[in-house]
Amino acid sequence: MSNEDGFDRMARAAIRAHRLMSLHGTPMMQLLSRLLLLEIGLEIAAKREAGAANDNPETSDDSADD
């Protein structure tokens, strides 16, 4: 299993757990679940940003000759 597959499985499991905690968890469990989802979202955003940076470099190879 690749790291990406593992991350996706973890995110889906966290979403399922969050649904259960929203219904049955204590207020502290619900808070921790929301924080976990926030952290997962931040990681997804960081991965997308890193991927976009690799797809669109600010400098081209031509400028290295100057």
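See above for the structure.
Please read these numbers as outputs of a predicted model, since none were measured by experiment.

(A) Main features of the pattern of salt bridges. As enumerated under the stated definition, the model contains 1 salt bridge in all. Its salt-bridge partner being E4, residue K47 comes within 3.8 Å of it at the nearest N-O pair. Here E4 lies in helix 1 (residues 3-24) and K47 lies in helix 2 (residues 27-55), a separation of 43 residues in the sequence. Under the relative-accessibility criterion, K47 is labelled partly exposed at 31%. According to the relative accessible area criterion, E4 is partly exposed, its value standing at 41%.

(B) Structural detail: helix 1. Along its 22 residues, helix 1 runs 31 Å from first to last C-alpha, staying within 8% of the 32 Å computed at 1.5 Å per residue. Buried within helix 1 we find F7, A11, A14 and H18. All buried residues of helix 1 project into a common sector of 60° when viewed along the axis, lining one side. Across helix 1 from its buried face, at more than 90 degrees, point the exposed residues R19, L20, L23 and H24.

(C) Spotlight on a positive patch on the surface. Together, R9, R12, R16 and R19 make up a positively charged patch on the protein surface. Tracing the backbone through its elements, the reader meets R9 in helix 1.

(D) Examining the environment of F7 more closely. Tracing the chain through its elements places F7 in helix 1. Here the alpha-carbon distance between F7 and I40, two residues 33 residues apart in the chain, equals 9.0 Å. Setting aside residues no more than four positions away along its own chain, F7 makes contact with I40, E43, I44 and K47.

(E) Spotlight on the environment of M21. You can see M21 is positioned in helix 1. Distance in space between the C-alpha atoms of M21 and S33 is 7.4 Å, their sequence separation being 12 residues. Apart from the residues within four sequence positions on either side, M21 is in contact with M29, Q30 and S33.

Procedures and definitions
Sequence positions are assigned chain by chain, starting from 1 and proceeding in written order. Where local features are concerned, this predicted model is filtered to residues with pLDDT of at least 70; where side-chain atom pairs are given and counted, the filter is 80 or more; whole-chain, interface and lining totals use all residues. With hydrogens and water stripped out, all remaining heavy atoms of the structure feed into the side-chain values. When a carboxyl oxygen of Asp or Glu is within 4 Å of a side-chain nitrogen of Lys or Arg, the pair counts as a salt bridge. Strands are runs of DSSP state E lasting at least 2 residues, helices are runs of H or I lasting at least 4, and numbering of each runs from the N terminus. Buried, partly exposed and exposed residues are distinguished by accessible area as a fraction of the type maximum, computed with a 1.4 Å probe on protein chains only: under 20%, between the cut-offs, and over 50%, respectively. Helices are assigned an expected span. That span is 1.5 Å times one less than the residue count. Think of it as the arc spanned by the lines of direction from the helix axis to the C-beta atoms. A patch is a set of surface residues, each over 30% in relative accessible area and not in a salt bridge, joined within 9 Å for like charges and within 5 Å for the nonpolar side chains Val, Leu, Ile, Met, Phe, Trp and Tyr. Where accessible areas are quoted, they stem from the Shrake-Rupley method and a 1.4 Å probe; at the residue level, only the protein chains shown are allowed to cover. Positive charges come from Lys and Arg, negative ones from Asp and Glu, while His and the chain ends are left out of the count. Where a charge sits is defined by one atom per residue type, namely NZ (Lys), CZ (Arg), CG (Asp) or CD (Glu). Contacts are residue-level and defined by heavy atoms, with any inter-residue pair within 4.5 Å sufficient.

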